[in-house]
Structure formats: C-alpha cells, structure tokens
Amino acid sequence: ASVFEHIQQAPEDPILGVTVAFNKDPSPMKVNLGVGAYRTEEGKPLVLNVVRQAEERLLADRTQNKEYQPITGVAQFNKLSAQLILGANSVAIKENRVTTVQALSGTGALRVGAEFLAKHYGKPVIYVPVPTWGNHNKIFPLGGVPVKPYHYYDPKTRGLDYQGMIDDLRAAPVGAVVLLHACAHNPTGVDPTEEQWEGIRKVIRSKQQLPFFDCAYQGFASGSLDTDAHAVRSFVADGGECLIAQSYAKNMGLYGERIGALSIVCRSAAVASRVDSQLKLVIRPMYSSPPAHGALIAASILGDRDLFADWTVELKAMADRIISMRHQLYDTLKARGTPGDWTHILKQIGMFTFTGLNPEQVQFMTREYHIYMTLDGRISMAGLSTKTIPHLADAINATVL
Ligand code: PMP
C-alpha cells in the first residue's frame, strides 16, 4: 500500500476549477468567463506588441546570460516598479524610504509581505474586504497572518457599503493591517470614490493601522496608470507607511512569467534599508531568488521612453475593450427587456462584473448555455466579445425570467 493511501482528493480551486470544467466541455458555444485573463475580440490570449519587442531586444543582446539574480531580483526592475505605482516624482522614493523586491507576481508579493509581517510586526491580523479575491483568505493565514473581515460590498445597492467599511475599520484594533484593493476590486468591480478613499485614509491613519495595497490591475481599471494609482499615492503622500503588492500579469499580459513586486514604504531611509535586509531572509529560504525573464521584459518596457509610451496605448486599448463590453452587455439586456436593474454592469470597473446572479442561476447558465463563471456570479468582462454577448444575454434572460 502507498504511504499516501490516506490522502483525500482535494477540490479544484474555485476560480481555476472553472477553466478545468470549461476545457472538458465539448460544446462549440461554450464561453469561459471564469478566469481573469484578457482575451481579444476573437477570444484569444494577447501578447502585447511591446512585450514582443522587449523580448526581441533581450534575445539580440548577446551580453545577457543566465546567472542567478540577486535575492531581491533585478534592481532596475524594482526601482522602476516603485516609480510606476508611486509616481516618478514621489517624495518617498527621493528620500530612499521605499524598499522594493521582485516577487512571483502579485500572489508572491502578498505571500512575502505576509511572512515579513508575521516575523516583524508583533502578532499581526489583516482585515480583508467581504468579499475579496479568494486567495487572500489562504495566502495570509498560511503566511502567518490571520484574516478578519470588514464590510465592503452591499448586495442591495451592488455598490460600496462605505459606512459599514468605516465602522468596521474604526472598530478594528489599533495597528491592525488592512488589505485594500488599490483599484478594480476583485470580485466586485466596486471601488471607493476619491472622497471615500480620503475618509478611509483618515480612519486608518488615526488608528495607526497599516495599509497593505493589493495592486493587480494598475491601468486596467480606467485605462490610465496614474488614475489607477490614486489611492496608493494618497496614502503615501501623507508620509505614513504601507505595503504594496504589484502584479504585471494583467497590465503587461505577463501572466505566466510570474512577475510582480513588493514595496514597503517606510518612515526613514534607515528603516527601509533594515526592512530590505530582512526581506532577503524571508525570500532566501522560500525560493532563493526570482526568475529573470519577466523582470527583464518589464524593466525594458518601463525604462524605455518609446516602449513605455506604446505600452500605455496598448493598455488603454485593453481597458477600452472591456468598457465597451460593459456597454454592449447592458444594451443587449435592455433590448431583451430582461427584468431587473443592470446599471451596475456600467458602474463597476475593471476586469469583472459582479452580476448579482446566485449559485443556482450560475449553475443553470453553465448547464443550459455552457457559460462558465465562478459561483459567486462574477464574470470576466475581458472574456466577452461582440459575438458572445448575445449568447450571454440570452442566458441571463432565461435565468432571471
Ligand atoms: N490580487 C488580486 C485582487 C487579483 O485579482 C490577482 C489576480 N487574479 C492577484 C492578486 C494576483 O495575481 P498574480 O499572482 O497572477 O499576479
């Protein structure tokens, strides 16, 4: 008998499992709205032109080798990543108060941040919005930081429960870590307004709580890198400290390259330098040092004026296609006379719409219409096209009628 005989079959991941089920479905009309990956109007994955160009330059450069990177990754990549999220003129960067390490995409940045906090921030607890990206609830406890909830989404308005959020943060302990989605909240697509961010910032600072920004969609929400960095920059502008996990999966389409960064903004350069030294002790026994390829691609795009400019155009085109899908889906439901208020499809931002459909309705749509999505009713707008929207509208219409 195997020494592993007792092991039980684990369930599929709630998000990635949707793709597993989708791949098994032979129907030609099937649509995958589960995973948050951009698709073209033809339903194909997109490699950005600027990424192809950066890769060609890397290949042509015979001085490139395959040596190990430092524990904290490609230095130029780290510097440019901090500038991207904090702004090229960031005072915190000028004062050398920001330490940045390369990470295995957003997930890896969150995990390194969690383990760092578990080691060096007393007995940390992190407050996360309800709902949140499901992996948060696993990354943080496994990294040594238990998770507690704060109110975020209001199913009645399909918008932000601002008062509930503020009340929960006020009631949370002094010093608690607060996870904030920097923009394009996943799964709800509901973000605070600038005014509301200001209220959130005041509560968090007045309670000396520590913001941990998860920034997986910079540029993807509004189409502008700067607009989508507003919340993070407002917290850094007040001189306070925070952690930021960045991912280049969506905004550069570098999903499988696993490229991201963790920045920790500190009060002083001396503290930042000590924090950096301790981050190395977290990373070294975890994976020793990060892979080079994605970091070199991202660094060449971020560091080249022309490539950077071309990137912002390609990024805006992706964001615009998603926004146009919102309008087309809304218009099609209106034209069908589908009962209910669907304006949240237009109001929510980023990759996802939180449709408000319940698990039974989702299962019905998968069974009868071969449309795949997570049971919470989240659909990836990036997985839709002009061709598939009528089919989705038929399915929604049939399920709510
Ligand atoms: N945070 C959020 C909110 C996300 O939606 C994602 C991607 N689904 C991530 C982090 C991290 O993704 P990755 O590790 O691929 O960068």
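Residues numbered from 1 in each chain as written. Predicted model: local features only at pLDDT ≥ 70, side-chain atom pairs only at ≥ 80, totals over all residues.

An unreviewed UniProt entry lists the protein chain under the name Aspartate aminotransferase, with Sphagnum troendelagicum as the source organism. Its UniProt record gives the protein chain the following Catalytic activity (unreviewed entry) comment, quoted word for word: "L-aspartate + 2-oxoglutarate = oxaloacetate + L-glutamate". (UniProt positions renumbered as here; feature names shortened; annotations may be inferred.)

Asker: What is the right way to read the overall build of the protein chain from this model?
Answerer: Scanning the protein chain from N- to C-terminus turns up 15 helices and 13 strands. Based on the C-alpha atoms only, the size of the protein chain along its principal axes is roughly 60 × 60 × 55 Å. When each of the 401 residues of the protein chain is scored for burial, the buried share is 46%. (Helix = DSSP H or I, 4+ residues; strand = E, 2+ residues; numbered from the N terminus. Buried ≥ 20, exposed ≤ 12 C-beta atoms within 10 Å, placed from the backbone.)

Asker: What's the story with the site of the ligand in this structure? I'm lost.
Answerer: Looking at the ligand, the residues that line it are Gly 36, Ser 105, Gly 106, Thr 107, Trp 133, His 181, Asn 186, Asp 214, Ala 216, Ser 247, Ala 249 and Gly 260. Among the elements that make up the shell around the ligand, the one with the highest residue count is helix H5 (residues 105-120) (three residues). The residue inventory of the shell around the ligand, partitioned by class, reads three nonpolar, eight polar and one charged. (Near = placed C-beta within 6 Å. Nonpolar A, V, L, I, M, F, W, Y, C, P; charged D, E, K, R; others polar.)

Asker: Honestly, the nonpolar core in this entry has me stumped. Any pointers?
Answerer: Nonpolar side chains in soluble globular proteins tend to be buried together. Counting 118 residues, the largest nonpolar core has Val 112, Phe 213, Val 232, Leu 262 and Ala 298 as the members making the most contacts within it. Ranked by residue count, the leading element in this core is helix H12 (residues 305-336), at eight residues. In this structure Ala 298 touches Phe 77, Tyr 248, Met 252, Leu 254 and Ile 259, once residues within four positions along its chain are discounted. (Core = buried A, V, L, I, M, F, W, Y, C linked by C-beta atoms within 7 Å. Contact = placed C-beta atoms within 7 Å.)

Asker: Help me understand the UniProt feature "domain: Aminotransferase class I/classII large" (unreviewed entry) in the protein chain, please; the structure alone is not making it clear to me.
Answerer: With numbering aligned to this structure, UniProt lists the feature "domain: Aminotransferase class I/classII large" (unreviewed entry) at residues 29-396. The annotated region residues 29-396 carries 45% helix and 15% strand content, and the separation between its end C-alpha atoms amounts to 15 Å.

Asker: What exactly am I supposed to notice about the pairing of strand E10 (residues 259-265) here?
Answerer: Every regular strand shows the same layout, with side chains that alternate between the two sheet faces. Burial within E10 is extensive, with seven of its seven residues counted as buried. The alternating pattern of E10 places Ile 259, Ala 261, Ser 263 and Val 265 and Gly 260, Leu 262 and Ile 264 on opposite faces, both of which are buried. Relative to E10, strand E2 (residues 98-104) runs antiparallel, the two being bridged by seven bridges. Residue pairing for E10: Thr 99 is matched across the bridge by Ile 264. Here six bridges tie strand E9 (residues 242-247) to E10, and the two strands are oriented antiparallel to one another. Considered in E10, the bridge of Gln 246 is made with Ala 261. (Pairing = 2+ DSSP bridges.)

Asker: How should I be thinking about the sheet that holds E9 in this particular structure?
Answerer: Strand order in this open sheet of seven strands is E2-E10-E9-E8-E7-E3-E4, and the pairing throughout is mixed. The open sheet is flanked by E2 and strand E4 (147-151), the only strands paired with a single partner. Looking at each pair of strands side by side, their axes are set apart by 25° on average, direction ignored. (Axes fitted to C-alpha atoms, helices over the stretch in contact; angles between N-to-C directions.)

Asker: Would you mind showing me how to read the packing of helix H2 (residues 49-60) against H12 here?
Answerer: The relative placement of two packed helices comes down to the angle between their axes together with the axis-to-axis distance. Viewed as axis vectors pointing N to C, H2 and H12 meet at an angle of 150°, and their least axial separation amounts to 9 Å. Compared by their axis directions, H2 and H12 come out roughly antiparallel. Of the residues in H12, those touching H2 at Asn 49, Val 50, Gln 53 and Ala 54 are Leu 307, Asp 310, Trp 311 and Glu 314. Of the residues contributing to the contact of H2 with H12, the split by class is four nonpolar, two polar and two charged. (Parallel < 35°, antiparallel > 145°, perpendicular 65-115°, else oblique.)

Asker: Can you help me understand unusual backbone geometry in this one?
Answerer: Leave glycine aside and you will find that most residues have negative phi; peptide bonds, for their part, are mostly trans. Look at the link from Val 130 to Pro 131: it is a cis peptide, with omega at -5°. Relative to the helices and strands, Pro 131 resides in the loop between strand E3 (126-130) and helix H6 (136-142). Look at the link from Asn 186 to Pro 187: it is a cis peptide, with omega at 15°. In this structure, Pro 187 sits in the loop between strand E7 (177-181) and helix H8 (194-206). Unusually for a residue other than glycine, Arg 258 sits at a positive phi of about 55°. Position of Arg 258 relative to the elements: it lies in the loop between E9 and E10.

Asker: Explanation requested: the environment of Leu 16 in the structure shown.
Answerer: Checked against the element boundaries, Leu 16 lands in helix H1 (residues 16-24). Here Leu 16 falls in the exposed class, since 10 other C-beta atoms lie within 10 Å of it. For the pair Leu 16 and Thr 374, spaced 358 residues apart in sequence, the C-alpha separation works out to 9.2 Å.

Asker: Would you explain the confidence of the model for the protein chain in this entry?
Answerer: Should the pLDDT be low somewhere, the predicted coordinates at that spot are not to be read in detail. With 100% of its residues at a pLDDT of at least 70, the protein chain reaches an overall mean of 96. Reported confidence for the predicted complex is 0.99 by ipTM and 0.96 by pTM. (pLDDT = per-residue confidence, 0-100.)

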